[in-house]
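A look at the structure
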Amino acid sequence: KYRIARPQGYRVSWHANPAVEGHHFGQSHPMKPWRLTLTKQLVMAYGMHHAMDLYLARAATHEEMADFHEQDYLDFLRQVMPGDIDKSEKNDEVVRFNFGDDCPIFDGLYDYCSLYAGGTVDAARKLCNNQSEIAINWSGGLHHAKKSEASGFCYVNDIVLGVLQLLRHHPRVMYIDIDVHHGDGVEQAFWSTDRVLTVSFHKYDREGFFPGTGALHETGPSHPLNPGAHHAVNVPLHDGIDDQSYIALYEEIVGACVETYRPGAIVLQCGADSLGCDRLGCFNLNVRAHGACVAFTKTFNLPLLVVGGGGYTPRNVSRAWAHETSILLDADKDLDSTIPETVAFRNHFGPDFSLFPPLSELRHLDNKNPRPYLESLVEAVHEQLRYIQG
Ligand code: V1P
Ligand code: CA
Ligand code: ZN
């Protein structure tokens with residue numbers, strides 16, 4: 001019954017490996033790879049798979065991951081076993097590489113990491129080869145991983161690997177991050193270059209919210225000889241931001257950045273923990289508002305690499321990413337807002353079965369971002385962009 005037609009004049013590619021979905025971080029851990037199964041089920045129930053080129057993601061090779069990560073870290077990641085976290089002879093590395101509660105060592109960890117990373121590398125290469133105009137990997141977007149350190153549920157920084165591929169073909173790449181957390185790993189990786197402009201919107205509280213970085217004035221090391229100075233745009237927000245404020249802020253800031261920087265390609269991290277009702281997040285966004293950011297980004301008609309990220313209420317993560325897939329296919333108008341009955345996991349979407357439940361009403365949070373504060377953010381970013389050349 002449902003079949004979405006291919007978009008006119010451009011190709012969308014979907015990069016995924018179902019083996020990613022079966023991994024478990026542990027009982028009470030909020031990161032649930034099965035949210036990807038739920039997303040795929042929704043996408044297929046609406047018939048969107050007919051409109052894209054579907055690629056089975058390959059595992060990234062050790063060498064590909066070594067484009068960013070240190071050898072000893074990758075060696076450890078490849079060899080470590082679930083029981084090792086308690087072994088005294090491994091303790092030094094477990095601590096040094098930051099494994100623990102946030103980044104547990106689970107069965108198949110290396111396969112999990114290399115598969116989600118492979119999806120993003122493949123996606124970036126399709127864009128570079130002009131075999132795709134928009135490439136999607138919802139299993140990627142793990143923005144906290146550092147070159148020798150796991151952090152915040154992220155082990156391999158697939159985004160950095162994807163950007164490095166894009167930099168082989170494009171003089172300037174812009175990275176945008178709408179996950180509720182600061183995109184610190186990506187920012188830090190490109191701290192010293194003017195060839196990547198990173199832009200992150202996030203909840204900021206230095207002491208009280210992970211990872212505690214991403215203040216407005218943390219714009220890159222301001223040494224006069226550092227070309228990367230001013231190339232980190234940070235948009236620190238407080239609890240409860242609503243749809244209207246967020247969309248307006250996003251369009252103003254992203255619009256100004258694209259106009260000034262003139263990137264050749266864009267990487268968009270769509271962390272869905274910025275939605276209302278997220279288990280870890282504290283914003284008030286609805287699925288349509290999150291999607292409006294994706295839609296605005298698409299209007300620039302630049303090669304676009306779209307990745308996932310956080311998102312800890314799986315039913316809403318899958319709603320958002322299915323809706324955003326439809327936006328990227330120019331088919332959002334064609335989706336029925338009632339979720340099709342054919343979805344295998346339909347029990348997750350009751351009682352309303354709506355693709356757009358009122359998330360901002362289901363758990364109301366006061367908007368602690370007054371208009372003058374948001375205006376001061378826009379003003380500061382305009383000021384910062386005066387230092388930047390495209
Ligand atoms: O707050 C912390 C650390 C652990 N404390 C010592 C401080 N960690 C957070 C990590 C959030 C990671 C978000 C990843 C992403 O940006 C990208 C995939 O979305 C954390 C939280 C929290 N409420 O912020 N870890 C956990 N909760 C956690 C809860 C249960 C079990 C394991 C981890
Ligand atoms: Ca962010
Ligand atoms: Zn997050």
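These notes cover the structure that comes with them. (Residues numbered from 1 in each chain as written. Chains lettered and ligands numbered in written order. Predicted model: local features only at pLDDT ≥ 70, side-chain atom pairs only at ≥ 80, totals over all residues. Heavy atoms only, no water.)

1. Details of the coordination of the calcium ion (ligand 2)
- Taken together, D177 (O), D177 (OD), D179 (O), H181 (O), S200 (OG) and F201 (O) make up the full set of protein donors to the calcium ion (ligand 2), lying 2.4 to 3.1 Å away.
- The coordination sphere of the calcium ion (ligand 2) comprises six donor atoms, whose angles at the metal cover 69 to 166°; the geometry is irregular.
- Ordering the donors of the calcium ion (ligand 2) by residue number gives the pattern D-x1-D-x1-H-x18-S-F. The exposure classification of D177 matches that of H181, with both residues buried. (Donors = N, O, S within 2.8 Å, 3.2 Å for Na, K, Ca; no water. Tetrahedral: all angles 85-135°; square planar, octahedral: opposite > 155°, others 65-115°. Buried < 20%, exposed > 50% of the residue type's maximum accessible area, 1.4 Å probe, protein only.)

2. Here's the deal with unusual backbone geometry
- The amide bond that connects F210 to the next residue, P211, takes the cis arrangement and shows omega of -5°.
- Along the polypeptide, P211 turns up in the loop between β5 (196-203) and β6 (232-237).
- In this model, G350 is joined to P351 through a cis peptide bond whose omega is 0°.
- Summarising the element assignment, P351 is placed in the loop between α10 (314-328) and α11 (359-362).
- Backbone geometry places N301, a non-glycine residue, at a positive phi of 55°.
- Relative to the assigned elements, N301 resides in the loop between α9 (287-298) and β8 (304-307).
- By relative accessible area, which is 69% here, N301 ends up exposed.
- With a phi close to 60°, D330 is a non-glycine residue in the positive phi region.
- Here D330 is to be found in the loop between α10 and α11.
- Classification of D330 as exposed rests on a relative accessible area of 51%. (Helix = DSSP H or I, 4+ residues; strand = E, 2+ residues; numbered from the N terminus.)

3. Some points on the packing of aromatic side chains
- Tallied over the full model, the rule gives 19 aromatic pairs.
- Aromatic side chains Y73 and F97 sit 5.3 Å apart centroid to centroid with 65° between the ring planes, which places their arrangement in the edge-to-face category. Taken as a pair, Y73 in helix α3 (residues 71-79) and F97 in the loop between α4 (91-96) and α5 (109-128) lie far apart in primary sequence, 24 residues in all.
- Y73 gets classed as buried once you look at its relative accessible area, which sits at 0%.
- On the basis of an interplanar angle of 85° and a centroid distance of 6.2 Å, the ring pair of F106 and Y155 is categorised as edge-to-face. Of this pair, F106 sits in the loop between α4 and α5 while Y155 sits in the loop between β3 (134-137) and α6 (158-167), and the two are 49 residues apart along the sequence. (Phe/Tyr/Trp six-rings, centres within 6.5 Å; stacked < 30°, edge-to-face > 60°.)

4. Points about the coordination of the zinc ion (ligand 3)
- D179 (OD), H181 (ND1) and D273 (OD) make up the full set of protein donors to the zinc ion (ligand 3), lying at 1.9 to 2.0 Å.
- All donors to the zinc ion (ligand 3) come from one chain, and their sequence spacing reads D-x1-H-x91-D. With D179 in the loop between β4 (173-177) and α7 (184-189) and D273 in the loop between β7 (265-269) and α9, this pair connects stretches of sequence that are 94 residues apart.
- Relative accessible area serves as the criterion here: at 1%, D179 is assigned to the buried category.

5. What to know about the site of ligand 1
- Close contacts around ligand 1 come from 19 residues, with D102, H143, H144, D273 and Y312 the closest.
- D273 is positioned with one of its side-chain polar atoms (N or O) 2.9 Å from an oxygen atom of ligand 1.
- Contacts to ligand 1 include Y312, whose side-chain N or O atom sits 2.5 Å from an oxygen atom.
- Here ligand 1 loses 65% of its free accessible area of 740 Å² to cover by the protein chains. (Near = heavy atom within 4 Å. Polar contact = N/O pair within 3.5 Å; in protein donor to acceptor, adjacent residues only side chain to side chain. Areas by Shrake-Rupley, 256 points an atom, 1.4 Å probe, with all protein chains shown as cover.)

6. Examining the packing of α3 against α5
- Axis separation between α3 and α5 bottoms out at 7 Å; the angle between their running directions is 125°. Of the possible angle classes, the one that applies to α3 and α5 is oblique. Across the interface between the two elements, L74, L77 and R78 of α3 pack against L109, Y110 and C113 of α5.
- Residue composition of the contact of α3 with α5, grouped by class: five nonpolar, no polar and one charged. (Axes fitted to C-alpha atoms, helices over the stretch in contact; angles between N-to-C directions. Parallel < 35°, antiparallel > 145°, perpendicular 65-115°, else oblique. Contact = heavy atoms within 4.5 Å. Nonpolar A, V, L, I, M, F, W, Y, C, P; charged D, E, K, R; others polar.)

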